[in-house]
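Single-letter residue listing:
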Amino acid sequence: MAKSDNEYAINTSMSRTGQIVCNATVPGVGGIFLAIDSFSEDGTTAGGIRMGAIGVQYETVEDAKADACKLALAMSEKNRSSRLGFGGCKTVVYVLDKEILTAAPGIEGSPRSKLFDALSIVLGNYMDKLLVGPDMFTSRGDLRYLRERCIVLYPKMRHCPVPERMMSDEDVISISTAWSTFGALLALAQEKKWKAPKAAIQGLGNVGGEVYKHLVAEGWDVVAYDPMPERMAMVPADKQRDPDNILFEPCDILIPCARGGVLSLENIPRLQCKCVAGAANCQIFPEVEHEAHKLLEDCSIEYYSEAMINVGGVSFAVHSFTDTLFTYEDSRELGAHNMRLMIHERSVVECAPASTGVVAALVAAPVAGPAAPPAPHPARTDAPAPTRPM
């Protein structure tokens, strides 16, 4: 059973930038930072759960907190850009032992599950208002366990933070993100009139790997790098690159699909791509964003915001939360639509309505506002979402 909030040393504070930051500590195991950057007009917010180890992904616990805050800001931008009607948040689960990152999920009493027990209690303050999804090192098994804990702890909730539709046998969130990224890349190539573009993909995880397969099937010339040999196995030897040169590969499009902060003031002048258009969040850290964009412009490199490209996953999650239909084709169409907006209008706020269907509804949704505690929500028994047709 989950412990009480006192046993998990849960506290909530306000960051210097006005974000709500909820922190929970699991002694000897790790902890959680839930950063809420914004809520929508009706008090909802959405963002993924990322895991990382101290000493590997994060140097210190403070670095994990800083990452949660940066990614929450990026989620606000993403959700606002595509008019999803949700604010932005992010959860970072940090572990003290890196082996926990590869441990089996959903085993009650295990160190990994204790962290999700703590998260289920943190989420109680925002039940019916907060939607979560997978990110780096978070599996469907983790989400399934978190969903079960929330159902037990909050039987009168209207909307579980982990909708049932996300519990499919396939990784619907990552696949939806890959489809919107693919749609955006196709639209970019079509606008540029490139017949067989050359692309360099950094990261072949759940999203990057799917994007790679789509582009190769489309006839693109694709080189790639990933630190995991099993992922690189699908890439022909002559198309494999190493971590020191993947970013600087001469190509039409650089496609970052790994961690954030990949573009810096130091490495931008060395890029040999014509465009940057990827799925990784926070490709440019906020603190250097202005200088980095100026440097990209000086280098004649077109940068297309990931907030407009990797929207498929969160769009699927939002529609699952509200019990409405969203398909992979909708995801692809949304990515393509957003890319065309960026190319022709270079704006992510004042955008023209989409053509028809789901995408039109998305871009007409309310824009998120500053973070503030949501109003109480009337409770009812959680009900399963309808099965999504494929």
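Look up a bit, the structure's there.
One structure accompanies this document, and this report is about it. Position numbers for residues start from 1 in each chain and track the written sequence from start to end. Residues qualify for local features only when their pLDDT is at least 70, as the model is predicted, and side-chain atom pairs are given and counted only at 80 or more; totals for whole chains, interfaces and linings, by contrast, use all residues. Heavy atoms from the whole structure form the basis of all side-chain values; hydrogens and water molecules are not counted.

So, about the environment of isoleucine 175. Helix and strand definitions follow DSSP, with helices as H or I runs of at least four residues and strands as E runs of at least two, each counted in order from the N terminus. By the secondary structure assignment, isoleucine 175 is in helix α4 (residues 172-192). Overall, the relative accessible area of 14% leaves isoleucine 175 in the buried class. The spatial distance from the C-alpha of isoleucine 175 to the C-alpha of valine 211 is 8.9 Å, given a sequence separation of 36 residues. Dropping the residues within four chain positions of it, isoleucine 175 is found in contact with Glu170 and Tyr328. Remark: exposure states derive from per-residue accessible area (1.4 Å probe, protein chains only) relative to the maximum for the residue type, with buried under 20%, exposed over 50%, and partly exposed in between. The contact rule is simple, with two residues in contact once any of their heavy atoms fall within 4.5 Å.

For the rest of this paragraph, the subject is the packing of α4 against helix α9 (residues 312-321). Helix axes are fitted only over the stretch in contact, all axes being lines through C-alpha atoms; the angle between N-to-C directions runs from 0 to 180 degrees. Put simply, α4 and α9 touch, their axes get as near as 6 Å, and they point 130 degrees apart. Relative to α9, α4 is oriented oblique. Across the interface between the two elements, Val172, Ile173, Ser176, Thr177 and Ser180 of α4 pack against Gly312, Gly313, Phe316 and Ala317 of α9. Partitioned by chemical class, the residues of the contact of α4 with α9 number four nonpolar, five polar and no charged. Between 65 and 115 degrees an angle is taken as roughly perpendicular, under 35 as roughly parallel, over 145 as roughly antiparallel, and anywhere else as oblique. When residues are sorted by character, Ala, Val, Leu, Ile, Met, Phe, Trp, Tyr, Cys and Pro go into the nonpolar class, Asp, Glu, Lys and Arg into the charged class, and all the rest, Gly among them, into the polar class.

In this section: the pattern of salt bridges. When charged atoms on two side chains of opposite charge get close, those side chains can pair. Salt bridges are defined by distance alone: a side-chain nitrogen of Lys or Arg within 4 Å of a carboxyl oxygen of Asp or Glu. Enumeration according to the criterion identifies 15 salt bridges in this entry. In this structure, lysine 213 and glutamate 210 form a salt bridge, with 3.8 Å as the shortest nitrogen-oxygen distance. Of this pair, lysine 213 and glutamate 210 both sit in helix α5 (residues 208-217), separated by three residues, roughly a single helical turn. We classify lysine 213 as partly exposed; its relative accessible area is 44%. Through salt bridges with shared partners, one network takes in Arg50, Asp67, Lys90 and Asp135.

These values are about where atoms sit, not about what they do.
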